[in-house]
Amino acid sequence: TFSIVTWLFFDALHTSASYLVAKWADNGTDDEFRIYFSGTGSDNTLYFTIGNGAGGGDAINATTFGTPPTATWMMVACTCDPSGGLKISVNAGTQNTTAKTVTIPSAAGDFRLGNADQNYNGRIDQTAYYKGRALTAAEINAALERRKNP
């Protein structure tokens, strides 16, 4: 079980995948998790994925939020609970969820913010990783309010 909360500011949206916050190895199979923007085709949404140790895994996208704006800070919150599935929300809005059992791999890769190889054009701020905790909607909303009213 874990949660990630991060603030993102897109200067521009790229037409391919942009990795934002992740833990993965460069071998293509040892992905623990990724938060990324997919600008492929007409997708244009944020995703949260959990790897399966074989180059695949489970994913959820922030379809209720839609395409991220440019030139605006937004807070993205993701939670992974092995028995409760994956959740992603933007600006403490409606959570997109998967209600299935997931296995969290223990990847040997590095914790990364942004990735020069993945075309992210923007800024990342105040990223927090909560190991062993799936944040509640109230805790996510409190994180949003702290940033709005420091």
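Coordinates for the structure precede this section.
Residues numbered from 1 in each chain as written. Predicted model: local features only at pLDDT ≥ 70, side-chain atom pairs only at ≥ 80, totals over all residues. Heavy atoms only, no water.

On to the sheet that holds strand β3 (residues 31-38). Read across the open sheet, the five strands follow the order β5-β4-β3-β2-β9; overall the sheet is antiparallel. Bordering the open sheet on either side are β5 (57-61) and β9 (110-113), each of which pairs with just one other strand. Taken pair by pair, the neighbouring strands of this sheet meet at an average axis angle of 20 degrees, ignoring direction. Note: β3 against strand β4 (residues 45-51), six bridges, orientation antiparallel. Considered in β4, the bridge of Ser 38 is made with Thr 45. (Pairing = 2+ DSSP bridges. Helix = DSSP H or I, 4+ residues; strand = E, 2+ residues; numbered from the N terminus. Axes fitted to C-alpha atoms, helices over the stretch in contact; angles between N-to-C directions.)

Once that is clear, we can look at the nonpolar core. Ranked by size, the top nonpolar core spans 23 residues in total, and within it Leu 46 and Phe 48 carry the most contacts. Within the residue set of this core, elements represented by two or more residues are β1 (2-12), β2 (17-24), β3, β4, β6 (73-81) and β7 (85-90). (Core = buried A, V, L, I, M, F, W, Y, C linked by side-chain atoms within 4.5 Å. Buried < 20%, exposed > 50% of the residue type's maximum accessible area, 1.4 Å probe, protein only.)

On to the packing of aromatic side chains. Going through the model one piece at a time under the given rule, you end up with 11 aromatic pairs. Here the aromatic residues Phe 2, Phe 33, Phe 48, Phe 111 and Tyr 129 are joined through ring pairs into a cluster of three or more. (Phe/Tyr/Trp six-rings, centres within 6.5 Å; stacked < 30°, edge-to-face > 60°.)

Residue placement: Asn 96 occurs in strand β8 (residues 96-97). On the basis of relative accessible area, Asn 96 is assigned to the buried category, the value being 10%. There is a polar contact of 3.0 Å between the side chain of Asn 96 and the side chain of Thr 63. With near-sequence residues (within four places) excluded, Asn 96 lies in contact with Ile 60, Asn 61, Ala 62, Thr 63, Thr 64, Leu 86, Lys 87 and Ile 88. (Polar contact = N/O pair within 3.5 Å; in protein donor to acceptor, adjacent residues only side chain to side chain. Contact = heavy atoms within 4.5 Å.)

The next thing to look at is the pattern of salt bridges. Pairing between side chains becomes possible if they bear opposite charge and their charged atoms approach one another. This structure, assessed with the given rule, holds three salt bridges. With a closest N to O distance of 2.9 Å, Arg 123 and Asp 11 form a salt bridge. Here Arg 123, found in strand β10 (residues 121-131), pairs with Asp 11, found in strand β1; they are 112 residues apart in sequence, far enough to count as distant. On the basis of relative accessibility, which here comes to 37%, the residue Asp 11 falls in the partly exposed class. Its salt-bridge partner being Glu 32, residue Lys 23 comes within 3.1 Å of it at the nearest N-O pair. (Salt bridge = Lys/Arg side-chain N within 4 Å of Asp/Glu carboxyl O.)

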